[in-house]
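Examination of the molecular architecture
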Amino acid sequence: MKIERAIIGGTGFYDPKLLKEVGESTIETKYGNAYILKGLYKKIPVAFLTRHGKDHHIPPHRINHRANIAALKELGVTRVLAGTAVGSLRERLTSGTLVIIDQFIDYTKGENQTFYDGENSKVVHTDFSEPYCPQLRKYLADIMTKKEIPFVNGGTYITTDGPRYETPAEIRAFSCWGADVVGMTNAPEAILAREAGLCYANLSLVTNYAAGISAHPLTHQEVVEMMSKKIDLIREIFLETLLALPAERDCLCSVKEDYDLGQRKDGC
Ligand code: HPA
């Protein structure tokens, strides 16, 4: 079964409910293995990957993003919608708000965040002028508008390594840098997806105010509780968006620089 469309679920998003004829597989890649569910949504094949593993046993700094993205690529996936829980740095982004992310700041220090780590003496600098696929973002926005689901169209996601939450001083600094929401997973995933030539978009759910803005200490429980309230909605938004997407990609996500010629070419 050729699978072109995929969902990556985060905290509280482990169940591909709504998919029919679900089968599971472990895909072996040169970076490690990835566990992926495959099923049908209204006859369209969809792959579903939970980045924290079944039941949240992989902490953010241990996620093998390279294996996950390489496995999707190996399946033939070209479009990916990723869900994340985030803390809010802005008063107006209250708990329960859905945000289509359009920029990121990468504050992670982790390794394994690139497919281009100098192997074969190949040095590659990927363009991130448009970090998330504009076509996927548009279809996400259109589906939510059509369904009259409130959302915020655009926001900057800053990624920390985790697994700890941030200090109030960090949050103040991030806020000055222009970040709107904070989470522990998005940047490496978005970077690798683009390096792999995949269309990738992120829909974030605000689950709490960030440290120092929240009136109380942060807990994972709070994050999980908000996610469980919205998960059915997010699942439906993702699947309906994947269903609505036309076959043609009208973006530059798969366009790469030709390093011999110094030009850009289609090279997914
Ligand atoms: N910080 C980092 N990651 C998060 C948060 C947060 O406040 N909320 C949900 N994921």
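What you see is a predicted model, and the numbers here were worked out from it, not measured in a lab.

From N to C terminus, the chain includes 5 helices and 13 strands. Across its three principal axes, the chain shows a C-alpha extent of roughly 50 × 40 × 35 Å. Looking at the chain as a whole, 52% of its 268 residues are labelled buried. Residue pairs in contact within the chain that sit at least 24 positions apart in sequence constitute 79% of those at least 6 positions apart. When the accessible surface of the chain is totalled, it reaches about 12,600 Å², and 50% of it is carbon and sulfur. If the 32 positive side-chain charges of the chain are averaged to one point and the 34 negative ones to another, these points end up 3 Å apart.

Next up on the list: helix α2 (residues 134-146). Taking 1.5 Å of rise per residue, 13 residues should cover 18 Å, and α2 covers 18 Å from first to last C-alpha, within 8% of that figure. Those residues of α2 that fall on the buried side of the exposure criterion are Q135, L136, R137, L140, A141, I143 and M144. Lining the buried residues of α2 we find β5 (79-88), β6 (98-100), β8 (152-153), β11 (199-209) and α5 (220-244). Looking one or two residues past α2, E148 carries a phi angle of roughly 55°, positive in sign.

In this section: the site of the ligand. Around the ligand sit A85, V86, G87, Y165, E166, V182, G183, M184, T207, N208, L218 and V223, and that is every residue in its neighbourhood. Between the ligand and A85, the relevant distance is 3.3 Å, taken from a nitrogen atom to a main-chain nitrogen or oxygen of the residue. Contact with the protein chains hides 95% of the accessible area of the ligand, taken as 260 Å² for the molecule alone. Examining the composition of the shell around the ligand, we find that 3 residues originate from one element, β5, more than from any other. Residues belonging to the shell around the ligand are distributed by class as follows: 7 nonpolar, 4 polar and 1 charged.

Across the interface, α2 lies against α5 with an axial gap of 9 Å and an inter-helix angle of 120°. Between α2 and α5, the angle falls in the class oblique. With respect to the hand of their crossing, α2 and α5 are arranged in right-handed fashion. Of the residues in α5, those in contact with L136, Y139, L140, I143 and M144 of α2 are I237, F238, E240, T241 and A244. The residue inventory of the contact of α2 with α5, partitioned by class, reads 8 nonpolar, 1 polar and 1 charged.

This brings us to the pattern of salt bridges. Side-chain pairs of opposite charge can arise where the charged atoms are in close proximity. Taken as a whole and assessed by the stated rule, the structure comprises 13 salt bridges. Across the pair R137 and E130 runs a salt bridge, and its minimum N-O distance is 2.9 Å. Of the residues examined, R137 reaches a relative accessible area of 16% and is grouped as buried. Given a relative accessible area of 38%, E130 falls into the partly exposed group. Because the salt bridges share partners, they merge into one network encompassing K17, D232 and R235.

This part covers the environment of T114. Here T114 lies in the loop between β7 (103-106) and α2. Separated by 49 residues in the primary sequence, T114 and H65 have C-alpha atoms spaced 9.3 Å apart. In contact with T114, not counting residues within four places along its chain, are R66, L192 and E195. Reaching out from T114, the side chain makes a polar contact with the backbone nitrogen of Y116 at a distance of 2.8 Å. At 2.8 Å, the side chain of T114 and the side chain of E195 are in polar contact.

On to the side chain of S88. With respect to the helices and strands, S88 occurs in strand β5. The exposure class of S88 is buried, given its relative accessible area of 0%. Only 2.8 Å separates the side chain of S88 from the backbone oxygen of L93, close enough to count as a polar contact. With near-sequence residues (within four places) excluded, S88 lies in contact with L93, D180, V181, V206, N208, Y209, A210 and I213.

Cut-off values and rules
The numbers attached to residues start from 1 for each chain and follow its sequence in the written order. It should be noted that, the model being predicted, local features are given only for residues of pLDDT at least 70 and side-chain atom pairs only at 80 or more, the latter also being counted only at that level, while totals for whole chains, interfaces and linings use all residues. Based on all heavy atoms of the structure, the side-chain values leave hydrogens and waters out of the count. We count a stretch as a helix when DSSP gives it H or I for four or more residues in a row; a strand needs E for two or more, and each element gets its number in order from the N terminus. Each residue is placed in one exposure class: buried if its accessible area under a 1.4 Å probe, protein chains only, is under 20% of its type's maximum, exposed if it is over 50%, and partly exposed if it falls in between. In what follows, a contact means two residues having at least one pair of non-hydrogen atoms within 4.5 Å. All accessible-area figures derive from a Shrake-Rupley calculation using a 1.4 Å probe, and residue coverage is judged against the displayed protein chains alone. Charge assignment: positive for Lys and Arg, negative for Asp and Glu; neither His nor the chain ends contribute. A single reference atom marks each charge: NZ on Lys, CZ on Arg, CG on Asp, CD on Glu. How far a helix is expected to stretch is found by multiplying one less than its residue total by 1.5 Å. In this text, near means that some heavy atom of the residue lies within 4 Å of the molecule or strand in question. Throughout this description, a polar contact denotes any pair of N or O atoms lying within 3.5 Å of each other; where both atoms belong to protein, one of them has to be capable of donating a hydrogen while the other can accept it, and for residues adjacent in sequence the pair is counted only when both atoms sit in side chains. The residue classification treats Ala, Val, Leu, Ile, Met, Phe, Trp, Tyr, Cys and Pro as nonpolar and Asp, Glu, Lys and Arg as charged. All others, Gly included, are polar. A fitted line through C-alpha atoms represents every axis, and for helices the fit uses only the stretch in contact; the resulting angles, taken between N-to-C directions, go from 0 to 180 degrees. Roughly parallel covers angles under 35 degrees, roughly antiparallel covers those over 145, roughly perpendicular covers 65 to 115, and oblique covers all other angles. In this scheme the crossing of two helices becomes right-handed for a clockwise turn of the near helix relative to the far one and left-handed for an anticlockwise turn of less than a right angle. Each salt bridge in this description consists of a side-chain nitrogen of Lys or Arg and a carboxyl oxygen of Asp or Glu lying within 4 Å of one another.

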